[in-house]
Each structure stands twice: as structure tokens, then as C-alpha cells.
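Structural overview for review
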Amino acid sequence: QVQLVESGGGLVQPGGSLRLSCAASGRIFTINAMGWYRQAPGKQRELVAAISSGGSTNYADSVKGRFTISRNNAKNTVTLQMNSLKPEDTAVYYCNADVWAVGTSTLYAYWGQGTQVTVSS
């Protein structure tokens, strides 16, 4: 009914930059919050950054000042600009969106398939 498709992961050296993008499609009535989570091997999935429909943002302490989240409400997209990447940023990054789908009566959290980000020299 609703799909999230991510792009932009890859291998980058420490100090480098990557840009992740996520596009939501399907029977969407409205999208509330959108965000990015990550999961490193052997660790729990954690919130990296989130943005409300009004543009309010929230970041994990570990990425403040290095990552920037933004969204385009007209296109149902969310982007994560990642600068000054560190090896500890290595993880699978997942896009998340709280979506009110057409024909439903509640918000539901949808997830993308995940994209690998590896920071290594």
C-alpha cells in the first residue's frame, strides 16, 4: 500500500560525506514524521534523525553538527546529509515514515529496506 525506497548508501573514507534519500509512494493521504534509523552489527536499531511535517528536527547526540535531515512534503521525500563521517557511523540505515494511508483510520509506521553505509579507510 505504501512503499519507502532508499538510495545513496555506500563506502566512504573517514571524514567524507554521503547523502541518503528516501521516497515514499503509494496510497498516501498524509505523512506525519519522517526519519532515519540505523543498526550496526550486534546493536539495536537507533534513531539518527527525525523531522516533523512542519520541519522540526531531532538528532541523536552522536550525529549533531554532522548530519542534516530535510524533507520535501510535496514529493514525499526525506534526505539525510551526512558529513564528517566516522567509522562508528557504519551501519544499515533505514528510512521511516508515519503515514496515514488512503482508506485507513490511523497512522502506521512504514520502513524502507535499508541501505548500507560503511565508513572505512
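Since the structure is predicted, the reported quantities are computational estimates derived from the model, not experimental observations.

Here we take up the overall build of the protein chain. In terms of regular secondary structure, the protein chain is built from 0 helices and 11 strands. From first element to last, N terminus to C terminus, the protein chain shows the α and β order β-β-β-β-β-β-β-β-β-β-β. Relative to a compact globule of 121 residues, whose C-alpha radius of gyration would be 14 Å, the protein chain shows 14 Å and is just as compact. Structurally, the protein chain occupies a C-alpha span of about 50 × 25 × 25 Å along its principal axes. By the burial criterion, 38% of the 121 residues in the protein chain qualify as buried. If you take every contact in the protein chain between residues at least 6 apart in sequence, the share linking residues at least 24 apart comes to 56%. A distance of 6 Å separates the average location of the 10 positive side-chain charges in the protein chain from that of its 6 negative side-chain charges.

Bringing the sheet that holds strand 1 (residues 2-7) into the picture now. Read across the sheet, 4 strands follow the order 1-3-8-7 without closing on themselves; strand pairing throughout is antiparallel. Two strands close off the open sheet at either side, each with one partner strand: strand 1 and strand 7 (67-72). Mean inter-strand twist for the sheet, computed between neighbouring axes without regard to direction, equals 15°. Bridge count between strand 1 and strand 3 (residues 18-26): 6 bridges; the pairing is antiparallel. Its bridge partner lying in strand 3, glutamine 3 is registered against serine 25.

Although it is not a glycine, asparagine 76 sits at a positive phi angle of roughly 55°. Within the secondary structure, asparagine 76 sits in the loop between strand 7 and strand 8 (77-82). The class of asparagine 76 is partly exposed, set by a relative accessible area of 22%. Notably, serine 84 is not glycine yet its phi reads approximately 50°, a positive angle.

Turning our eyes to something else, we now look at the pairing of strand 8. Among the 6 residues of strand 8, 5 are classified as buried, and the element is accordingly described as predominantly covered. Pairing of strand 3 with strand 8, which is carried by 6 bridges, proceeds in the antiparallel orientation. Looking across to strand 8, one finds that alanine 23 is bridged to threonine 77. Pairing geometry for strand 7 and strand 8, over 6 bridges, is antiparallel. The residue of strand 8 that forms the bridge with asparagine 72 is threonine 77. Hairpin connection from strand 7 to strand 8: 4 residues lie between these consecutive antiparallel strands, with asparagine 76 at a positive phi of about 55°.

Criteria and thresholds
Residues numbered from 1 in each chain as written. Predicted model: local features only at pLDDT ≥ 70, side-chain atom pairs only at ≥ 80, totals over all residues. Heavy atoms only, no water. Helix = DSSP H or I, 4+ residues; strand = E, 2+ residues; numbered from the N terminus. Rg over C-alpha atoms; globule rule 2.2 N^0.38 Å. Buried < 20%, exposed > 50% of the residue type's maximum accessible area, 1.4 Å probe, protein only. Contact = heavy atoms within 4.5 Å. Lys, Arg positive; Asp, Glu negative; His and termini not counted. Charge placed at Lys NZ, Arg CZ, Asp CG, Glu CD. Pairing = 2+ DSSP bridges. Axes fitted to C-alpha atoms, helices over the stretch in contact; angles between N-to-C directions.

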